[in-house]
Amino acid sequence: MTDLLAAPVEMPAFEHVPQPYRGPSREEVLAMRKQYVNPAVFTLYRDPLMIVEGKMQYVFDETGRRYLDMFAGIVTVSCGHCHPRVVQAVRQQVETLQHATTIYLHPNLPQLARKLASKMPEGLDVTYFVNSGSEANDLAITMARLFTGNNDVIAVRNAYHGGSPTAMGLTSHHTWKYPTQVNAGVHHTMCPDPYRSSLDGTPDEIARRSADDIRETIRYATPGRIAAFISEPIQGVGGATRGDATYLREAYRITREHGGLCIADEVQTGFGRTGENYWGFQNSGVVPDIVTMAKGLGNGVPMAAVTTTREIAEKLAQRIHFNTFGGNPVAMAAGLAVLDVIDDEGLQENARVIGGRLLAGLRELQERHPLIGDVRGMGLMLGVEMVKDRETRAPAKEETAEVLEACREMGVLIGKGGLDGNVLRIKPPMCITAADADFALDVLDRAFSRVGG
Ligand code: PMP
């Protein structure tokens, strides 16, 4: 260990040279943020990091220092920062037509809708484009309520579905919501996370019994019928938690027995990130009625979408429903390029291979570092849960923050999550290489040694 700590940490070579930064200084930016920006807009590190350029799996600060981005701008950059094909598609569209609204025809919108349909199970073939994941989930809930005629919705504890009033109601972290009337008609069911569940048993048993709680919730909380069950196939903000594959199968069955629609929030798990499949729900062998997506669809361009069946979608056409920027040609050009790049560059397969390498490396670190309580996830959607004590599983919140700081110092950006802020979230752009993965593991090893002793 001592030898290892003494060896230099070397980031893989990368040929991109960042442009000299000539904007306001970091201190000026920080001062402006403090004075003019709503204080709710927070930064991650103790000493906030300024990022002024990005290229594929790397970002650069104002001094030109390079960092390996293992968090992809919160799982938003799917195929790489400023991927040349996405940049080219956006540039070409910006120079031609930036906006005209969906009340006129433009080829990009139906082309992207058609492309998304080609990626979905049969029947999920009509899409409504919006601007953010929160909006997508709002719209999905509206559609489910319209279609079923029911009001109540079941969401999973420890879920994050966004910051708009409806999405905040679906979210179940007390840290992420306000005590306004956002919960009307929403009930939270047990999270099937095998590591934190209060139930004993194998992951499969925990999944089945957690799913039973949906039936119980419906029995007590509503007149026996619901509009929808919504869940993330792997919880993102919640810390990469995932129930056994049985969970969604059972949850969907119970939901449908009670007249509800099944909504998959693929905002983080979509577009091949989980490696084995293009969509996270496919890892459980289920087919949702509505799929919401955002983030990775635009590779940084703000856009989101709700894909469902024609039958469900038609309910929304009873009145006028309009979204000014949803489906605008620039975002659509980005989305089309992103989906092509993911296919052409084999990024789903890369997520599977490099994700497997990272997962194996993290499990190996777990053997040596008592701070690591659990390692989980799939593909490039991984979580490392840190505990003060493996027996009590007491969350190691401060240590997690320290590991994050140490990684940043060594040139690796990682996210954190979980209800107690004690889970490292590792979700890099899907173009990450084996050398990057090894570098990140090396840095994490050193960070754990430093923080855990
Ligand atoms: N759903 C999930 C699973 C998310 O992770 C997020 C964002 N972290 C959202 C919805 C909300 O997306 P947005 O911030 O674009 O509104």
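Engineer: What's the story with the overall build of the chain in this structure? I'm lost.
Structural biologist: For the chain, the helix and strand inventory stands at 14 helices and 15 strands. Its C-alpha atoms give the chain a radius of gyration of 22 Å, near enough to 22 Å, the size a compact globule of 453 residues would have. By its C-alpha atoms, the chain is 65 × 60 × 45 Å across when sized along the principal axes. Total accessible area on the chain is roughly 19800 Å²; 53% of this is exposed by carbon and sulfur atoms. Of note, the chain has its 46 positive side-chain charges centred 3 Å away from the centre of its 54 negative side-chain charges.

Engineer: Help me out: how do you make sense of unusual backbone geometry in this one?
Structural biologist: The phi angle at Ala72 is positive, at roughly 50°, despite the residue not being glycine. Among the secondary structure elements, Ala72 is positioned in helix 3 (residues 72-75). Of note in this structure, Arg393 is not a glycine but carries a positive phi near 60°. Here Arg393 is to be found in the loop between strand 12 (381-386) and helix 13 (397-409).

Engineer: I'm lost on the domain arrangement of the chain in this one. Help?
Structural biologist: Frequently, the measure chosen for interface size is the accessible area removed from exposure when the parts meet. Split into domains, the chain comes out as domain 1 (26-69 + 346-452) and domain 2 (84-344). Centre-to-centre separation of domain 1 and domain 2, based on C-alpha positions: 25 Å. Carbon and sulfur atoms supply 55% of the area that domain 1 and domain 2 bury against each other, a total of about 2500 Å² over both sides. Looking only at domain 1, the three residues that lose the most surface to domain 2 are Gln348, Met378 and Met381, adding up to 28% of its buried area. Counting every contact that joins domain 1 to domain 2 gives one salt bridge. For Arg196, the salt bridge identified is with Glu385, shortest N-O distance 2.7 Å.

Engineer: Got a minute to help me understand the packing of aromatic side chains in this structure?
Structural biologist: Aromatic rings considered in pairs are described by the distance between their centres and by the relative angle of their planes. Tallying each qualifying case throughout the model produces seven aromatic pairs. Ring plane angle 80° and centroid distance 6.2 Å describe the contact between Phe271 and Tyr278, whose orientation is recorded as edge-to-face. We classify Phe271 as buried; its relative accessible area is 1%. For Tyr278, a relative accessible area of 7% puts it in the buried group.

Engineer: What is the right way to read the site of the ligand from this model?
Structural biologist: Near the ligand the following residues occur: Ser132, Gly133, Ser134, Asn137, Tyr160, His161, Gly162, Glu232, Asp265, Val267, Gln268 and Lys295. Between the ligand and Asp265, the relevant distance is 2.7 Å, taken from a nitrogen atom to a side-chain nitrogen or oxygen of the residue. Within the side chain of Lys295, one N or O atom sits 3.2 Å away from a nitrogen atom of the ligand. Within the complex, the protein chains bury 83% of what would otherwise be the 390 Å² of accessible surface of the ligand. Residue contributions to the shell around the ligand peak at three residues, all from helix 6 (residues 133-148).

Engineer: Got a minute to help me understand the nonpolar core in this structure?
Structural biologist: In a soluble, globular protein the nonpolar side chains are often hidden away together inside. Leu444 and Phe448 are the most contacted members of the largest nonpolar core, which has 91 residues in total. Per-element tally for this core: the top contributor is helix 11 (residues 329-344), with ten residues. Taken together, domain 1 (26-69 + 346-452) and domain 2 (84-344) each give at least three residues to this core, which thus spans both. Apart from the residues lying within four places of it in its own chain, the contact partners of Leu444 are Leu362, Leu365, Val403, Cys407, Ile414, Leu424 and Ile426. One finds Ala144, Val267, Ala304 and Leu316 within the second-largest nonpolar core, a separate group that totals 24 residues.

Engineer: When you look at the pairing of strand 12 in this model, what are you seeing that I'm missing?
Structural biologist: In terms of burial, strand 12 is largely enclosed, as six of its six residues are buried. Both faces of strand 12 are covered, namely the face carrying Met381, Gly383 and Glu385 and the face carrying Leu382, Val384 and Met386. Here strand 11 (residues 372-378) hands over to strand 12 after two residues, with Gly379 in that stretch at a positive phi of 55°. Here strand 12 pairs with strand 15 (residues 423-426) via four bridges, running antiparallel. Following the sheet pairing, Val384 is matched in strand 15 by Leu424.

Engineer: Explain the pattern of salt bridges here, please?
Structural biologist: In a structure, side chains of opposite charge can pair up when their charged atoms sit close to one another. As enumerated under the stated definition, the model contains 26 salt bridges in all. As a salt-bridge pair, Arg219 and Glu216 come within 3.3 Å of each other at their nearest N and O atoms. Linking Arg219 with Glu216, this pair stays in helix 8 (residues 203-221), spanning three residues, or about one helical turn. Salt bridges sharing partners connect three or more residues here, namely Asp212, Arg215, Glu250, Arg253 and Glu257.

The rules behind these values
- Residues numbered from 1 in each chain as written.
- Predicted model: local features only at pLDDT ≥ 70, side-chain atom pairs only at ≥ 80, totals over all residues.
- Heavy atoms only, no water.
- Helix = DSSP H or I, 4+ residues; strand = E, 2+ residues; numbered from the N terminus.
- Rg over C-alpha atoms; globule rule 2.2 N^0.38 Å.
- Areas by Shrake-Rupley, 256 points an atom, 1.4 Å probe, with all protein chains shown as cover.
- Lys, Arg positive; Asp, Glu negative; His and termini not counted.
- Charge placed at Lys NZ, Arg CZ, Asp CG, Glu CD.
- Domains from an automatic or database assignment.
- Buried area = accessible area lost by both parts, 1.4 Å probe.
- Salt bridge = Lys/Arg side-chain N within 4 Å of Asp/Glu carboxyl O.
- Phe/Tyr/Trp six-rings, centres within 6.5 Å; stacked < 30°, edge-to-face > 60°.
- Buried < 20%, exposed > 50% of the residue type's maximum accessible area, 1.4 Å probe, protein only.
- Near = heavy atom within 4 Å.
- Polar contact = N/O pair within 3.5 Å; in protein donor to acceptor, adjacent residues only side chain to side chain.
- Core = buried A, V, L, I, M, F, W, Y, C linked by side-chain atoms within 4.5 Å.
- Contact = heavy atoms within 4.5 Å.
- Pairing = 2+ DSSP bridges.

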